[in-house]
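# Topology and contacts: notes
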Amino acid sequence: MARSERRFQGKISADYELVMRGIPHLPEIDEQVINAIRAYTPAVPAPRLNVLEIGCGSGRATAKFLSSRPDIKLVAIDNEPEMLAQAEQSLCNEIKQNKLELVQSDALAYLKSVDDGYFDIVASVMALHNFERSYRSRVLREIHRILKPGGLFINGDKYPPDDPTEFYRILPLHLAPFFDILGPAGRTDLLKEVVLHELADFAPDRIMNENEFLREVSEIGYGGCKFTYRKNFDAVFHGHRL
């Protein structure tokens, strides 16, 4: 697969903030990622911390990353123009202050353009699970390459358990909040699109199972691999370039 898909065109993109309310624990995931960014200490002290966000969307998490510490210079990428336009509007001050650069790009194409060991941190929230597995594998290798030694990869995302019984126990718990939010809002059109999108995340060529992911990143060479949070399918992964 040469390029990532545009899975957020249309209604989901236009009403992204409403859709994200269907993940009620998302602020907890954000806080886990932010705490990891705050706690990070570079191996070589520098006045600026180079941070890359993959799949910034509307800039919802981007704003939180920028406010987490004063020494961040953030590059945020996404391949959906409508969502980047939302981010540009809400984060115009940070762009003017040269704290933030927004880039419309395919994730893998951007990563390949970056020099080895350039970024201190690569962070993402609810993006990598959208990639097909073969594409995601290449992305994970490129993230490892562009991190500085000791650099942090932190990812709050959808990591379903490998056990089918546990998967089907959690599935209705995962989907129910979208019905609770979008149904009363009268957005059955959006609800249908969201549910189909969510179910597609679990296709064999896309699903990002927890244990399989841990095996893969360990084989690539990430160290200190661990999960620090879990709610239903969602978890926060930490790994470092050794």
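All values reported here derive from a predicted model rather than from experimental measurement. (Residues numbered from 1 in each chain as written. Predicted model: local features only at pLDDT ≥ 70, side-chain atom pairs only at ≥ 80, totals over all residues. Heavy atoms only, no water.)

Time to look at helix H3 (residues 26–39). For the α-helix, the turn length of 3.6 residues means that residues three or four positions removed from each other point alike. Between its first and last C-alpha, H3 extends 20 Å over 14 residues, near the 20 Å set by a 1.5 Å rise per residue. Among all positions of H3, only Leu26, Ile29, Asp30, Val33, Ile34, Ala36 and Ile37 are buried. Here the buried residues of H3 occupy an arc of 160 degrees about the axis, which is enough to place them on one side. (Helix = DSSP H or I, 4+ residues; strand = E, 2+ residues; numbered from the N terminus. Expected span 1.5 Å × (residues − 1). Buried < 20%, exposed > 50% of the residue type's maximum accessible area, 1.4 Å probe, protein only. Arc of directions from axis to C-beta.)

Further remarks concern the pairing of strand S1 (residues 49–54). Burial runs high along S1: six of the six residues are buried. Going residue by residue along S1, you find Leu49, Val51 and Glu53 tucked away on one face and Asn50, Leu52 and Ile54 tucked away on the opposite face as well. Pairing analysis gives six bridges linking S1 to strand S2 (residues 72–78), with the strands arranged parallel. Residue pairing for S2: Leu49 is matched across the bridge by Ile72. Read as a crossover between parallel neighbours, the route from S1 over helix H4 (residues 60–67) to S2 is right-handed. In this structure, S1 lies alongside strand S4 (residues 119–125), joined through three bridges in parallel fashion. In the strand pairing of S4, Leu52 is matched with Val122. (Pairing = 2+ DSSP bridges. Right-handed = clockwise from strand over helix to strand, strands pointing away.)

Quick look at the nonpolar core now. Generally speaking, nonpolar side chains in soluble globular proteins are found buried as a group. Val33, Phe65, Ile121, Val125 and Ile154 are the most contacted members of the largest nonpolar core, which totals 41 residues. The biggest single contributor to this core is H3, with six residues. With residues up to four places along the chain from it excluded, the contact list for Ile121 reads Ile37, Tyr40, Leu49, Asn50, Val51, Leu52, Leu147, Leu152 and Ile154. Counting 30 residues, the second-largest nonpolar core is a separate cluster that includes Ala107, Phe131, Tyr159 and Met208. (Core = buried A, V, L, I, M, F, W, Y, C linked by side-chain atoms within 4.5 Å. Contact = heavy atoms within 4.5 Å.)

As for its placement among the helices and strands, Glu17 is situated in helix H2 (residues 16–20). Given a relative accessible area of 41%, Glu17 falls into the partly exposed group. Here the alpha-carbon distance between Glu17 and Ser58, two residues 41 residues apart in the chain, equals 8.0 Å.

Purely spatial values, then, with no claim about function.
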